[in-house]
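Structural description and commentary
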Amino acid sequence: MTTTLTHAESVASKAGSATEPGAAVEPSATQAAAAEPTTPAPGIARRVAGAVGSGLWKSAAVLAFLALWELGPTYLASPSTRVFLPPLHEVLLAWGKLFEAGTIQGHIAASLTRSVAGFGAALVAGVSLGLLIAWYGRLNSVLNPLLELFRNTAALALLPVFTLLLGIGEESKISIVAYAAFFPVLLNTIAGVKTVDPLLIRAARSLGLNSFRLFQKVILPSAVPTIFTGIRMAGTASILVLIAAEMVGAKAGLGYLIVNAQSSFLIPDMYAGILTVSLLGLGVNFLLVALERHFSRWRTAVGAAAS
């Protein structure tokens, strides 16, 4: 027994002498693995379950509406009503057939081309004129009565005028979209510039900023949230007005698809077109919200720094 202990002590002393004085001894792989903290699986499961539950709660109204659309015509409506209100699965089947034939893609492309062209023109004109009117008080006093007159005139009420002057081609549809989208952008741009904190403007002027730098560094960043509110309203208006214009005189587009399916008694195709319009408007809104967050990142940074 004594011999065994003496041999073990000698081995330990040799290992200790092999290590330089003051050098740290590296732990073994087993000790390092045991020392590493492990993330508890129940915590991850709780976070995933919470995210799923939050998503289901936020989409509960949409899911309930889709369930009512699917079950209501079948079990609650009469057979005659079901002809004019088919269940959701029949509408989805009709949409799938239109997609396979390439019909729905052509109508979406036609509507998006017109909507983007009119919306882009309204965006450039609305923001530029809104900045000028808000910055120069005399220009505001001169143009405000005329703007109020046209602002309170519905775009669809002027559709016959645009059709008579520009015909039933692309020009009239793009022009009516630009008219409908112009005023939300213009009015919100004016409101955004006028609501900039005057102390910020005075501080910028005291630092020697010229008018261009003042617009770039103070006015535009402060007015961006209000301007984007008008841009989102204009995006919705551009799609809705375009659909109505395409119903009057067009050979392609989602509005043409809806009215043509209704007149041909293709009711599932009609609802497929309506559903496509809803999804298109939802996608445009999500895109504009993402752009607003991108251009308003400085507000989040300032809020995080202040907290």
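Computed from a prediction, not measured in an experiment: that's the story for all the values here.

On to the side chain of Asn188. Mapped onto the secondary structure, Asn188 falls in helix H10 (residues 170–194). You can call Asn188 buried: its relative accessible area is 14%. At a separation of 2.7 Å, a polar atom in the side chain of Asn188 contacts the main-chain carbonyl oxygen of Pro184. The contacts of Asn188, once residues within four sequence positions are left out, are Thr226, Ile227, Thr229, Gly230 and Met233.

So, on to the packing of helix H6 (residues 88–101) against helix H14 (residues 267–295). Orientation of H6 relative to H14, taken along the N-to-C sense of each, is 80°, at an axis distance of 8 Å. Taken together, the axes of H6 and H14 are roughly perpendicular relative to one another. Across from Glu90, Val91, Leu92, Ala94, Trp95 and Leu98 in H6, the residues of H14 making contact are Pro268, Asp269, Tyr271, Ala272, Leu275 and Thr276.

Looking now at the nonpolar core. Residues Ile176, Leu186, Ile219 and Ile231 are the most contacted members of the largest nonpolar core, which totals 37 residues. Only helix H7 (103–135), helix H9 (159–166), H10, helix H11 (198–206) and helix H12 (211–248) provide two or more residues apiece to this core. Among the elements that make up this core, the one with the highest residue count is H12 (13 residues). Setting aside residues no more than four positions away along its own chain, Ile219 makes contact with Trp135, Val193, Val196, Ile201 and Leu214.

The next thing to look at is unusual backbone geometry. Of note, Phe265 is a non-glycine position whose phi angle comes to about 60°, a positive value. Considering the arrangement of structural elements, one finds Phe265 in the loop between helix H13 (254–263) and H14.

So, on to H6. Helix length check: H6 (14 residues) gives 20 Å between terminal C-alpha atoms against 20 Å at 1.5 Å per residue, within 8%. For H6, the full list of buried residues reads Leu88, Val91, Ala94 and Leu98. Down the axis of H6, the buried side of the element spans an arc of 125°, and every buried residue falls inside it. Along H6, exposed side chains directed more than 90 degrees from the buried face belong to Leu93, Lys97 and Glu100. Those residues of H6 hidden inside the fold are in contact with helix H4 (60–76), H7 and H14.

One pass over the full model with this rule turns up 4 salt bridges. As a salt-bridge pair, Arg82 and Glu90 come within 3.2 Å of each other at their nearest N and O atoms. A residue is classified by how much of its surface remains accessible, and Arg82, at 32% relative accessible area, is partly exposed. Note that Arg114 is salt-bridged to Glu246, the shortest N-O span being 2.7 Å. In this pair, Arg114 is assigned in helix H7 and Glu246 in helix H12, connecting sequence segments 132 residues apart.

The next thing to look at is the confidence of the model for the protein chain. Confidence in the prediction for the protein chain averages 78 pLDDT; 82% of positions are at 70 or higher. Model confidence for the protein chain, summarised as mean pLDDT per element, is weakest for helix H1 (residues 2–18) at 44 and strongest for H6 at 91. Here residues 1–27 is a poorly scored stretch, pLDDT under 50, and it has 1 contact once near neighbours within four places are set aside; other chains count. Considering only residues more than four positions removed or in separate chains, one finds that residues 29–36, a stretch of pLDDT under 50, has 0 contacts.

Basis of the calculations
- Residues numbered from 1 in each chain as written.
- Predicted model: local features only at pLDDT ≥ 70, side-chain atom pairs only at ≥ 80, totals over all residues.
- Heavy atoms only, no water.
- Helix = DSSP H or I, 4+ residues; strand = E, 2+ residues; numbered from the N terminus.
- Buried < 20%, exposed > 50% of the residue type's maximum accessible area, 1.4 Å probe, protein only.
- Polar contact = N/O pair within 3.5 Å; in protein donor to acceptor, adjacent residues only side chain to side chain.
- Contact = heavy atoms within 4.5 Å.
- Axes fitted to C-alpha atoms, helices over the stretch in contact; angles between N-to-C directions.
- Parallel < 35°, antiparallel > 145°, perpendicular 65-115°, else oblique.
- Core = buried A, V, L, I, M, F, W, Y, C linked by side-chain atoms within 4.5 Å.
- Expected span 1.5 Å × (residues − 1).
- Arc of directions from axis to C-beta.
- Salt bridge = Lys/Arg side-chain N within 4 Å of Asp/Glu carboxyl O.
- pLDDT = per-residue confidence, 0-100.

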